[in-house]
Amino acid sequence: MAEEKNAFKITPGEPVGVIAAQSIGEPGTQMILRLFHFAGVATESVIATAGLPRLVELVDAKKKPSTPFSYVYLEDKVKNSFEKVAEIVKRIDEIKVRDLAKRTVENFSKGTIKARLDPQVLDTTELTAKGVASKIGKLLGVETETEGNVITAKMHTKNLKEIRAGSVKLMNLTVNGIEGAGKAVVRQDLKTGEFYILTADSNIDLILPIEGVDRSRIYTNDIFKIYQVFGVEAARNALAMELKKLMEEQRIDVNDRHLLLLADAMTFSGGIKNVGRHGLSGEKLSVFARAAYEETVKHLVNAAAFGEVDPMKGVTENILAGKQILLGTGTVSLAINKDDLAKIKPKK
Amino acid sequence: MAQINKKCYVYLNGRIIGYVADGETFVKEIRNGRRTGIVSGEVNIVYLPRLNAVHVNTDAGRVRKPYVVVENGVSKLTSDMVEKLNNKEVDFNYLLRRGVIEYLDVEEEENSAVAMSEKDITQATTHLEFDLTSIFGFTVNTVPFPEYNSAPRIGMGASFSKQSEGLYQTNFNRRFDSRGYILYYPQVPIVNTSVYRTSGIASHPSGQNFIVALSSYYGYNMQDAVVLNKGAVDRGLGRSMFYKIYSDEERRYPGGQRDVFKIPAATAEGYLGEHAYAKLSEDGIIEPEMSADEGDVLIGKMAPPRFLEESIGAGGLEEKRRDDSTYLKPGESGIIDEVVLTESPSATKIVKVRVRSLRVPENGDKFASRHGQKGVVALVVPQEDMPFSENGIVPDLILNPHSIPSRLTFGHLLEELAGKAGALSGKMADGTAFTGKSDERISEYGKLLKEHGFGEFGTEQMYDGITGEPFHANIFVGVAYYNRLYHMVSNKLQVRARGPVQILTHQPTEGKSRQGGLRFGEMERDVLVGYGASLLLKERLLEQSDMAPVLVCNKCGNIGYHDYIKRVDVCPICGGSDLQEVKMSYAFKLLIDEIKSIHIFPRIRLKS
């Protein structure tokens, strides 16, 4: 048993990085082709970036994903009641004036800004025109009037510039929910029957303090947000999970260990490093390895200026110079004790 | 429909030139003008209701296609006009002038309702197709039964037939095309189409009718490989002649120098050795009907030296000249077919030598049917080992049945069936697109096959040629027209064990013409790294490439050299003589040299 277990252990000198790179890279070439005929079922994959663009996003360690979202799971006492969850959603769901009204009409002679709220959009929320008006009044510090669905904000000035600026400001006002939390909707987990919240942004730090939110289960696809809120370990796990989810969505069978190795390589320094010039490849120890990748002259000149010594331990630089690489069969070397050598007596 | 523009703008070749009140009537007016001859027939006009715009196109390069004009549900091509046409009283241009036929471009087609046949015409119809085959181009129309194939395969079949060997010109033996491929015994396909027959391409056939069996053959026809019958090949199946032209010119150079055709003197620079010129006659040109092998000079030529100084050099008595002969490249051989001496417009002598070589089908040669079914010969089997039928018929080619269903080339099967029926009854079979229905055709051919004592569906009991045992299943055998494509191994084969290297990097050259190797690239390198095969990697990238012994100074880490006169190693920087020989990549040595050239001094520290 013990022997069998050991047979699965990786051998010293096994180039795991290259194997991982090839294992992820080879099916990645098929991903480009498959992307075009991707019919798509009504799941998160429709709203979120998937496939190769998402893989590039993760590997390049983009500061924010192009389609951020987060899952907010709730504590036991609320999670099974739709009403209670909807109540929380109402508190989170970010609605701006621009979501309700298409445009504003400014009256420079009277110094007013009018916004006609779309009744159809208004109906989908629990807001009323009066409520929106009072919120605008409070936030802008102006008097407001409502006439049906038309809100008129009376500005204190007749200055053209200020009214124009005020109009832009008005449109960007958050009249409901948490600013920066994004749109929020209630979803039901079909397996457990519990309700959870899906938001269209990754600012989980704003959602965490809300009562009823299960802090141990909150999740977002924004690796950097997780890094900020929960730390590197969580970011590493999130990165690996996102990679795994991505591969599964594309029906690509890659062993988890390759993805974990990639996640580890990107996070082991304590931060999140991308794979490329400004990250992993750009921080290689060897001058030649860096010069062989990108910006050749820059690396050579800097190496000269600082008197760098290339220890010639990596793969690239040894191939470059024509030496045997220190991996695989090149891991081992033979050492002979000179004293022992002297003990050998030649045959007579 | 909501109109975007209230005014109907008129665009002439993409530029706005004005607007009209009502685009639709305007377009109608112009069209009537075109049909009556007031407006040129090359004008195409379209009204786009969604944009409320009129596009008029008169520029060159539009694809246009003729249609019969239909007005008020009646075709303008009346029956007595057809009669006149048949009696040759009128011609196509007459109908064109009369507005019976008009050409539409892609844009104007958007405004038209084209009926496929006369009985499909309704009140809304504006045009009528002449014939359903006219929706295809010429090449596709030479393919039988295209409507039973998938569209990509039709296109592939069309492009393969352009690569086929045949009788491309009947005066091929007088021509000096840079390359020519002539098929021995070309045949007209048994299954052909109306376009094939009427276009006259039948006098330039480009293939042969093969007896094709749909079967496997001991695994030798997997994955688009085909098996050929050696007996058939020996009898001339797929045999072809390859002609290649080598030419050279006696150029004149500034300074009164010029090239001379002659057997180069042994003193010439770049002299190839006496044996290379052995086949040249006195004038320095090879004689017709001589056989030539690789390395043999066809045209001997002496050229003046590349740089003027060299010729002025030593006393100027004997001018130093350079050998610039034309010779057969490695792997080429043949018989000199014809030699032509002529003159260029600038009155310099030109020699053209045509070399012919016989190309018997061999392993690696490419064949294709007209349905995009290509295959490479994997085995040429002696006739006695081929499967045979009860009548003793042995197929010329064995095609793997797996090639058919996934590619949806059912036209291939129909062609085989029709070809077999045609061959047995001694009649050509018709495979014109959109004529007849498949089940009718199958029963028609089946009847013919039955009459001649063959299986109704083209299947036959066959026997293994090696064991003599009958096959469990009946094998589908038919006659299909196959093209031999000009991609032949003998023109592509290349090997290298040792050979030329590049001057700059000392690495092997690339490309067939330079006897190059195949690049062991970065991804291939990664594979060896992934296996941990460090010594194999070193062998590929160093020992088999640009390994160079370099002397490195133990004291200062600079690259030194060996002074053969004083018999000591020298370091040119520190002057020391304690140097160590290291095997490194020449490219790396070059890199170090180049780094030095940008004022960076790299030192190599050796560890023992």
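Worth saying up front: this structure is predicted, and the values here are computed from it rather than measured.

**Student:** Run through the overall build of chain A, naming residues and quoting values.
**Tutor:** Secondary structure assignment for chain A yields 18 helices and ten strands. The C-alpha atoms of chain A give a radius of gyration of 30 Å, which is well past the 20 Å a tight globule of 348 residues would have. Taking the principal axes of its C-alpha atoms as reference, chain A extends roughly 120 × 55 × 40 Å. Counting every position in chain A, which comprises 348 residues, the buried fraction comes to 41%. Sequence separation of at least 24 residues holds for 60% of the intrachain contacts in chain A that already meet a minimum separation of 6. Surface exposure of chain A reaches about 21,100 Å², of which carbon and sulfur atoms provide 56%. Charged side chains in chain A number 50 positive and 45 negative. The centres of these two groups are separated by 3 Å.

**Student:** Outline the pairing of strand β24 (residues 374-381) of chain B, listing residues and values.
**Tutor:** Residues and elements named next belong to chain B. Two elements, strand β13 (residues 225-229) and β24, share five bridges in a ladder whose sense is parallel. Across the sheet, residue Asn-229 finds its bridge partner in β24, namely Val-381. Direction of pairing for strand β23 (residues 366-369) relative to β24: antiparallel, over a ladder of three bridges. By the bridge assignment for β24, Ala-368 is matched with Lys-374. Taking the residues that link successive antiparallel strands as the turn, the β23-β24 hairpin has four residues, and the phi of Gly-372 there is positive, at about 75°.

**Student:** Give me the sheet that holds strand β31 (residues 547-553) of chain B: which residues, what numbers.
**Tutor:** Residue and element names in this part refer to chain B. The strand order across the open sheet formed by four strands is β33-β32-β31-β34, and the pairing between neighbours is antiparallel. Of all the strands in the sheet, the pair left with one neighbour each is β33 (568-570) and β34 (579-585). Strand-to-strand twist in this sheet, taken as the mean axis angle between neighbours without regard to direction, amounts to 50°. Pairing geometry for β31 and β34, over seven bridges, is antiparallel. If you follow Pro-549 over to β34, its bridge partner there is Lys-583. Across the sheet, helix α15 (residues 586-597) lies against β31, β32 (559-563) and β34, angled at about 110° from β34, the strand it touches most.

**Student:** Account for the domain arrangement of chain B, with residues named and values stated.
**Tutor:** The assigned domain composition of chain B is domain 1 (8-135), domain 2 (146-171 + 181-239 + 363-484), domain 3 (241-359) and domain 4 (494-608). Taking only C-alpha atoms into account, the centre of domain 1 of chain B sits 72 Å from that of domain 4 of chain B.

**Student:** So what's going on with unusual backbone geometry? Which residues, and what values?
**Tutor:** We note that Met-312 of chain A has phi near 55°; this positive angle belongs to a residue other than glycine. Not every positive phi belongs to a glycine, and Arg-567 of chain B is a case in point at roughly 60°. According to the relative accessible area criterion, Arg-567 of chain B is exposed, its value standing at 71%.

**Student:** Account for the interface of chain B and chain A, with residues named and values stated.
**Tutor:** Chain B puts 20 residues into the contact, and the matching count from chain A is 22 residues. The junction of chain B with chain A conceals about 1,700 Å² of combined surface from both sides, 72% of it contributed by carbon and sulfur atoms. There are zero salt bridges connecting chain B and chain A. Broken down by secondary-structure element, the contributors of at least two residues to the side of chain B that touches chain A are α13 (522-531), α14 (534-546), β34 and α15 of chain B. Per-element accounting of the side of chain B that touches chain A gives the leading share, six residues, to α14 of chain B. Partitioned by chemical class, the residues of the side of chain B that touches chain A number twelve nonpolar, four polar and four charged.

**Student:** Which residues make up the domain arrangement of chain A, and what are the values?
**Tutor:** Domain boundaries in chain A define domain 1 (14-68 + 222-267), domain 2 (70-92 + 181-219), domain 3 (95-176) and domain 4 (284-330). Computed over C-alpha atoms only, the centres of domain 2 of chain A and domain 4 of chain A are separated by 51 Å.

**Student:** How would you sum up the pattern of salt bridges? Please name residues and give values.
**Tutor:** Per the stated rule, a full pass over the model turns up 54 salt bridges over all chains. Residue Lys-96 of chain A pairs with Glu-94 of chain A through a salt bridge whose shortest N-O separation is 3.8 Å. On the accessibility criterion, Lys-96 of chain A (23% relative accessible area) is partly exposed. For Glu-94 of chain A, a relative accessible area of 10% gives the class buried. Here Lys-301 of chain B makes a salt bridge to Asp-248 of chain B, at a shortest N to O gap of 3.0 Å. Of this pair, Lys-301 of chain B sits in strand β18 (residues 301-303) while Asp-248 of chain B sits in strand β14 (residues 240-249), and the two are 53 residues apart along the sequence. With relative accessibility at 10%, the residue Asp-248 of chain B sits in the buried group. Each member of the salt-bridge network shares a partner with another, and the members are Arg-31, Arg-34, Arg-35, Glu-71, Lys-76, Glu-102 and Glu-108 of chain B.

**Student:** Just give me the short version of the packing of aromatic side chains, but keep the residues and values in it.
**Tutor:** Applying the stated criterion across every chain yields a total of 19 aromatic pairs over all chains. Measuring from ring centre to ring centre gives 6.2 Å for Tyr-184 of chain B and Tyr-185 of chain B, while their planes differ by 75°; the resulting arrangement is edge-to-face. In this structure Tyr-184 of chain B comes out as partly exposed when scored by relative accessible area, which is 27%. One aromatic cluster is present, built from ring pairs that chain together Phe-69, Tyr-71, Tyr-73 and Tyr-196 of chain A.

**Student:** Describe the sheet that holds strand β22 (residues 349-359) of chain B, listing the residues and the values that go with them.
**Tutor:** Residue and element names in this part refer to chain B. Spatially, five strands are ordered β10-β14-β22-β21-β16 in an open sheet, and the strand pairing comes out antiparallel. Only two strands of the sheet have a single neighbouring strand rather than two, namely β10 (179-183) and β16 (291-292). With two bridges joining them, β16 and strand β21 (residues 334-343) adopt antiparallel strand pairing. In the sheet register, Ala-292 faces β21, and the bridge partner there is Gly-334.

Conventions and cut-offs
Residues numbered from 1 in each chain as written. Chains lettered and ligands numbered in written order. Predicted model: local features only at pLDDT ≥ 70, side-chain atom pairs only at ≥ 80, totals over all residues. Heavy atoms only, no water. Helix = DSSP H or I, 4+ residues; strand = E, 2+ residues; numbered from the N terminus. Rg over C-alpha atoms; globule rule 2.2 N^0.38 Å. Buried < 20%, exposed > 50% of the residue type's maximum accessible area, 1.4 Å probe, protein only. Contact = heavy atoms within 4.5 Å. Areas by Shrake-Rupley, 256 points an atom, 1.4 Å probe, with all protein chains shown as cover. Lys, Arg positive; Asp, Glu negative; His and termini not counted. Charge placed at Lys NZ, Arg CZ, Asp CG, Glu CD. Pairing = 2+ DSSP bridges. Axes fitted to C-alpha atoms, helices over the stretch in contact; angles between N-to-C directions. Domains from an automatic or database assignment. Buried area = accessible area lost by both parts, 1.4 Å probe. Salt bridge = Lys/Arg side-chain N within 4 Å of Asp/Glu carboxyl O. Nonpolar A, V, L, I, M, F, W, Y, C, P; charged D, E, K, R; others polar. Phe/Tyr/Trp six-rings, centres within 6.5 Å; stacked < 30°, edge-to-face > 60°.

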